[in-house]
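One letter stands for each residue in the lines below.
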Amino acid sequence: MPVTGDAFSPPLAAIDLRSDTVTRPTAAMREAMARAEVGDDVFGDDPTVNALQEAAAARLGKEAALYVPSGTAANQIALLTHCRPGDDVLIGDGAHQMCLESGGGGALAGVQYSVIGKGGFFTAAEVVAAIKPDNAHYPPTRLCSVENTHNSSGGRVWQGDQVRAIAEVARARGIALHLDGARLFNAEVASGIPAAQIAAPFDTISFCLSKGLGAPVGSLLVGSRDTLVRAHRYRKMLGGGMRQAGIIAAAGLYALTHHIGRLAEDHENARRFAVAVAGAPHVLIDPATVETNIVLLELAASAPLDAEELVRRARERGLLLVTMGRRRVRAVTHLDVDRDACERAAAILVELLRAA
Ligand SMILES: Cc1ncc(COP(=O)(O)O)c(C=O)c1O
């Protein structure tokens with residue numbers, strides 16, 4: 001019995017839109033992995049890990065980067081690095097770091113979250129209003145965390161001006177800024193703004209290689225050298241020191257070099273999928289809100305089936321989706337589903353909704 005997941009083995013022929021994490025390494029990526037030079041990364045000896053870390057730091061215009069097993073590890077290490085137990089962290093609702101990381105903020109870093117804004121987005125004024133007074137009754141507000149693209153809002157992208165204004169008020173009050181950029185490169189491709197520019201206002205940035213970029217594993221935490229020296233200790237503490245990790249880092253390096261530009265295809269496939277499904281009964285989607293590779297389908301209150309039932313019926317037809325609450329279904333496009341597969345996926349959903 002597996003200890004994770006829903007014990008479901010997807011049929012190989014399925015169109016899998018559950019997440020952009022389901023991709024399998026391409027032949028060229030496997031080739032790069034097979035050829036990777038390796039060493040013991042706990043000694044700092046793995047040339048491929050070092051090359052990946054250097055490439056990530058350079059790409060984001062920061063001094064240093066640390067290779068970690070997952071986006072969750074990167075976010076939690078960032079919290080540990082910035083905060084002490086009892087600190088306050090300002091964050092948008094639905095943030096992965098707060099909602100979907102097994103309570104790590106409380107259990108590991110001992111922080112409390114103050115949720116601000118709406119739908120995952122917030123303004124500089126909301127940051128200012130939420131900063132706790134300098135008074136013994138309150139926890140010190142130490143960190144503000146932004147998620148771009150924002151997963152639970154449907155992969156939406158932050159406006160640069162809004163982030164700059166937030167950074168200005170945070171800086172002025174000595175509050176650090178973390179970017180959960182699990183899908184940072186989707187934001188880069190969708191907005192046309194280079195990742196380094198998006199990353200510039202932040203002290204730390206996490207980004208994932210194992211989502212839209214198509215690597216099998218791994219994320220990076222990026223920031224200043226001093227910050228990353230402290231982060232490195234927490235990576236070790238959490239068991240994230242890996243030995244001949246160049247084997248997997250090679251896949252990440254390959255993804256960073258070859259798989260960013262193609263994210264535009266995923267975005268276009270998501271948009272077309274949304275337009276096609278928007279015509280079906282019982283479902284509410286505004287295709288204009290589909291900015292990257294995530295599509296949220298909202299079932300109308302009057303719909304004769306709920307999200308779980310729609311996902312079940314879709315699975316019977318070979319289309320895999322996930323629920324995001326009772327009336328919401330998520331579809332995510334990625335490297336392993338082409339235009340044709342996305343069109344077939346939309347057609348299956350439209351048929352199911354018409355027949356419901
Ligand atoms: C916005 C965001 N942050 C962090 C993560 C965590 O990444 P991982 O699954 O690699 O731990 C995810 C995963 O979906 C995510 O969507």
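**Some thoughts on the site of the ligand**
For the ligand, the full set of nearby residues is Ser70, Gly71, Thr72, Asn75, His96, Glu101, Glu147, Asn151, Asp180, Ala182, Arg183 and Lys211. Here an oxygen atom of the ligand and a side-chain polar atom of Lys211 are 2.8 Å apart. Protein contacts shield 84% of the accessible area of the ligand, which totals 390 Å² for the unbound molecule. The dominant element in the shell around the ligand, judged by the number of residues it contributes, is helix 3 (residues 71–82), at three residues. Of the residues contributing to the shell around the ligand, the split by class is one nonpolar, six polar and five charged.

**So, the domain arrangement of the protein chain**
Taken domain by domain, the protein chain holds domain 1 (27–258) and domain 2 (262–355). Using only C-alpha atoms to locate each centre, domain 1 and domain 2 end up separated by 28 Å. At the boundary of domain 1 with domain 2, total buried surface from both sides reaches about 1300 Å², with 54% on carbon and sulfur atoms. Of all residues in domain 1, the largest losses of buried area upon contact with domain 2 belong to Gly154, Arg156 and Asn186, amounting jointly to 32% of the total for that side. Remark: the boundary between domain 1 and domain 2 carries one salt bridge. Between Arg156 and Glu291 there is a salt bridge whose closest N-O contact spans 2.9 Å. On inspection of domain 1 and its partner domain 2, the count reaches six residue pairs in polar contact (both at pLDDT 80 or more). Split by residue class, the side of domain 1 that touches domain 2 holds five nonpolar, nine polar and two charged.

**Section: helix 10 (residues 225–237)**
Between its first and last C-alpha, helix 10 extends 19 Å over 13 residues, near the 18 Å set by a 1.5 Å rise per residue. Those residues of helix 10 that sit buried are Thr227, Leu228, Ala231 and Arg235. Buried positions in helix 10, seen along its axis, are confined to an arc of 85° and lie on one side of it. Opposite the buried face of helix 10, at more than 90 degrees from it, the exposed residues are Asp226, Val229, Arg233 and Met237. In this fold, the buried residues of helix 10 make contact with helix 2 (47–60), strand 2 (64–68), helix 3, strand 7 (204–208) and strand 8 (219–223).

**Quick notes on the environment of Gly86**
Examined against the element boundaries, Gly86 turns out to sit in the loop between helix 3 and strand 3 (88–92). Between the C-alpha atom of Gly86 and that of Val111, which follows or precedes it by 25 residues, the distance is 5.2 Å. Those residues in contact with Gly86 that sit more than four places away from it in its chain are Gly110, Pro139 and Pro140.

**As for the packing of aromatic side chains**
The way to describe two aromatic rings as a pair is by their centre distance and the angle between their planes. Under the definition given, this model contains three aromatic pairs. Ring centres of Phe121 and Trp158 lie 4.9 Å apart, and the angle between their planes is 40°; on these two criteria the pair is classed as tilted. In this pair, Phe121 is assigned in the loop between strand 4 (112–116) and helix 6 (124–130) and Trp158 in the loop between strand 5 (141–147) and helix 7 (160–172), connecting sequence segments 37 residues apart. Their ring planes at 75° and their centres at 5.1 Å tell us that Phe122 and Trp158 sit as a pair that is edge-to-face. Of this pair, Phe122 sits in the loop between strand 4 and helix 6 while Trp158 sits in the loop between strand 5 and helix 7, placing them 36 residues apart in sequence. Among the residues examined, Trp158 registers a relative accessible area of 5% and is labelled buried. Through successive ring pairs, a cluster of aromatic residues spans Phe121, Phe122 and Trp158.

How each quantity is defined
Residues numbered from 1 in each chain as written. Predicted model: local features only at pLDDT ≥ 70, side-chain atom pairs only at ≥ 80, totals over all residues. Heavy atoms only, no water. Near = heavy atom within 4 Å. Polar contact = N/O pair within 3.5 Å; in protein donor to acceptor, adjacent residues only side chain to side chain. Areas by Shrake-Rupley, 256 points an atom, 1.4 Å probe, with all protein chains shown as cover. Helix = DSSP H or I, 4+ residues; strand = E, 2+ residues; numbered from the N terminus. Nonpolar A, V, L, I, M, F, W, Y, C, P; charged D, E, K, R; others polar. Domains from an automatic or database assignment. Buried area = accessible area lost by both parts, 1.4 Å probe. Salt bridge = Lys/Arg side-chain N within 4 Å of Asp/Glu carboxyl O. Expected span 1.5 Å × (residues − 1). Buried < 20%, exposed > 50% of the residue type's maximum accessible area, 1.4 Å probe, protein only. Arc of directions from axis to C-beta. Contact = heavy atoms within 4.5 Å. Phe/Tyr/Trp six-rings, centres within 6.5 Å; stacked < 30°, edge-to-face > 60°.

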